[in-house]
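What follows is the residue order along each chain.
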Amino acid sequence: MREHAVVIAGGGPTGLILAGELALAGIDVAIVERRLNQEIVGSRAGGLSARTLEVLDQRGIVDRFLAEGQIAQVTGFAVTRLDISDFPTRHNYGLALRQKHIERILAGWVEELPVVIYRGCELTGFMQDASGLTIELSDASEIRAAYLVGCDGGRSLVRKLAGIEFPGWDATTSNILAEAEMEEEPPLGVHRTALGMHAFGREDYEIRDGKVVFASEGPINVMVTETSAVAAGEPTLGDLRRALIAACGTDFGIHGLKWISRFTDMSRQAAAYRKGRVFLAGDAAHVHSPVGGQGLNTGVQDAVNLGWKLAQVVKGLSPEALLDTYHAERHPVAARVLRTTMAQVALQRTDDRTEALRDIVLELLGLDEARKTLAGEMSGLALRYDLGEGHPLLGRRMPDLDLVTPDGSIRVFALLREARPVLLNLAATGSLDIAPWSGRVRLVQASYGGPWELPALGAVSAPSAVLIRPDGYVAWVGEGTQDGLYDAMITWFGPSG
């Protein structure tokens, strides 16, 4: 029987990122993916948030995405763009890039790493025991693993077989997405009517001065709200025609359907992200409307949070209890994403009272503090894990500072390329002693003379040292002493050895 330390069910963005994180940490990891290749039929996510770009930068691969996407202020909240160009980050923008390209680039990165991918088959069952899991595949073979991670989407079979509940809210709106030919040219762009939102565009586009300019030729991408939210199954061309006529008075002579799909604003979240040796990440753990563009980005952050923790436990460096911090840190994040997404869906309604509410929200978001607060959340840059009281840096993403070291200048993110923890000592050389963890934590002596600024929060006092987790979040802050450092090392990177 084939054996791996970790098996990931699903090779979408979340599964690919998780596999890359584990491989960088030296873990034997495999992906089970039903597709024969990385191609996607249809339209899914359309871009990457600022924090996701930072995560890709931490691993040294962000330029691959920047080379193919279009930089723009795409962070927004339902009715308005939220400018983050004044945020203290190298990536004070979003990146417009379709999911099919995101997955292709990620797959290219994973191919460079020691990751096994079983394509053309899918997980059909598993059995947990004291030492691991036996995983059954659709080709009648079995795989043995110490841990299983379900990255298999909103209809996750891993979640269902694990018996993890998926509570939430049923759909109130339903939309059809499609790509097809049209005899008449529809009005390109986004439109709001009494029946809901609809939009027309083309696959190829440019962003000029913050506005989307579509190509003048080619098939039409269409999104239209259906008159009922209770439609089930796969939509048909007839369903699309009826929805277009209801919304626009015409179907524009639509024909030559290339693909069609349906999405709703159903919002659900797994009650637990871990059950024994089984974990959930990405859409398997949380689903919601695509408005706001947080789905893929939240899944990527799930993967980066879980990867290094699994690696620590698989290597025997940390106790199993470390794995419980995955749910403790990520479940509240997605719960908040569900709430902000539901609020955005509500603001898109077209009755007079919602129009009044939308006007008030627009006024509030015109206030600088409100803009920064909400933009910090929507971009992922202001996320803070609850690691207790202390310096404002504690639990937040480490800024990508330009450091001066004895070996020359280096960016903080460059220190995180190998997905290893880093202790940054900004005080006198030799003032910190981490000899018992020297094989696990990289100690970097450096200096930095510039301001310390955090998105949405502003300026903070300069620390004397910072302990950075492999996911880029700050686990301990030194303020002139070593107090609490050893406790933080034990908590996150295991007992001294």
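Here's a quick rundown of the structure. Remember, it's a predicted structure, so these values are computed and weren't measured experimentally.

1. Topic: the pattern of salt bridges
- Under the criterion given, the structure shown has 34 salt bridges.
- Its salt-bridge partner being Arg 144, residue Asp 129 comes within 2.8 Å of it at the nearest N-O pair. Placement of Asp 129 in strand β9 (residues 123-129) and of Arg 144 in strand β11 (residues 142-150) is noted, with a sequence separation of 15 residues between them.
- Classification of Arg 144 as buried rests on a relative accessible area of 17%.

2. What about the packing of aromatic side chains?
- For the structure on display, the rule yields 10 aromatic pairs.
- Between the aromatic rings of Phe 200 and Phe 252, the centroid separation amounts to 5.3 Å while the plane-to-plane angle is 75°, which identifies the pairing as edge-to-face. You can see Phe 200 sitting in strand β15 (residues 196-201) and its partner Phe 252 sitting in the loop between α6 (237-248) and β19 (254-264), a full 52 residues away along the chain.
- When the ring centre of Phe 166 is taken as reference, the NZ or CZ atom of Arg 159 above it lies at 3.5 Å.

3. Overview of helix α1 (residues 13-24)
- Between its terminal C-alpha atoms α1 stretches 17 Å, which fits the 16 Å expected from 12 residues at 1.5 Å a residue.
- Of all 12 residues in α1, 11 are buried; the element is thus mostly enclosed.
- Taken together, the buried positions of α1 are occupied by Pro 13, Thr 14, Gly 15, Leu 16, Ile 17, Leu 18, Ala 19, Gly 20, Glu 21, Leu 22 and Ala 23.
- A positive backbone phi angle near 80° is found at Gly 26, which sits one or two residues after α1.

4. Some points on the pairing of strand β24 (residues 402-405)
- Going residue by residue along β24, you find Leu 403 and Thr 405 tucked away on one face and Asp 402 and Val 404 left uncovered on the opposite face.
- Direction of pairing for β24 relative to strand β25 (residues 408-411): antiparallel, over a ladder of four bridges. Paired with Thr 405 across the two strands is Gly 408, which belongs to β25.
- The antiparallel hairpin formed by β24 and β25 contains two residues in its connecting segment.

5. Regarding the environment of Leu 36
- Its location among the elements puts Leu 36 in the loop between β2 (29-33) and β3 (47-48).
- Residues within four places of Leu 36 in sequence aside, it is in contact with Arg 119 and Gly 120.

6. Here's the deal with the state of the cysteines
- Applying the stated rule across the entire model yields zero disulfides.
- As a non-bridged cysteine, Cys 151 has Cys 121 as the owner of its nearest cysteine sulfur, 15 Å distant.

7. What about the environment of Leu 48?
- Along the chain, Leu 48 falls in strand β3.
- A sequence separation of 245 residues divides Leu 48 from Gly 293, and the C-alpha atoms of the two residues are 8.2 Å apart.
- With residues near it in sequence (within four places) discarded, Leu 48 still touches Leu 53, Leu 56, Phe 65, Gly 94, Leu 95, Ile 102, Leu 296 and Asn 297.

8. Some details on the sheet that holds strand β12 (residues 168-169)
- Pairing within the open sheet is antiparallel, and its three strands lie in the order β12-β20-β23. Here the strands that pair on one side only, and so sit at the sheet edges, are β12 and β23 (286-287).
- Bridging between strand β20 (residues 267-269) and β23 involves two bridges; their strand directions are antiparallel. Counted as the bridge partner of Gln 269 is His 286 from β23.
- Sheet strands touched by helix α8 (residues 324-347): β12, β20 and β23. Its angle to β20, the strand with the most contacts, is close to 175°.

Calculation criteria
Residues numbered from 1 in each chain as written. Predicted model: local features only at pLDDT ≥ 70, side-chain atom pairs only at ≥ 80, totals over all residues. Heavy atoms only, no water. Salt bridge = Lys/Arg side-chain N within 4 Å of Asp/Glu carboxyl O. Helix = DSSP H or I, 4+ residues; strand = E, 2+ residues; numbered from the N terminus. Buried < 20%, exposed > 50% of the residue type's maximum accessible area, 1.4 Å probe, protein only. Phe/Tyr/Trp six-rings, centres within 6.5 Å; stacked < 30°, edge-to-face > 60°. Lys NZ or Arg CZ within 6 Å of the ring centre and 35° of its normal. Expected span 1.5 Å × (residues − 1). Pairing = 2+ DSSP bridges. Contact = heavy atoms within 4.5 Å. Disulfide = S-S within 2.5 Å. Axes fitted to C-alpha atoms, helices over the stretch in contact; angles between N-to-C directions.

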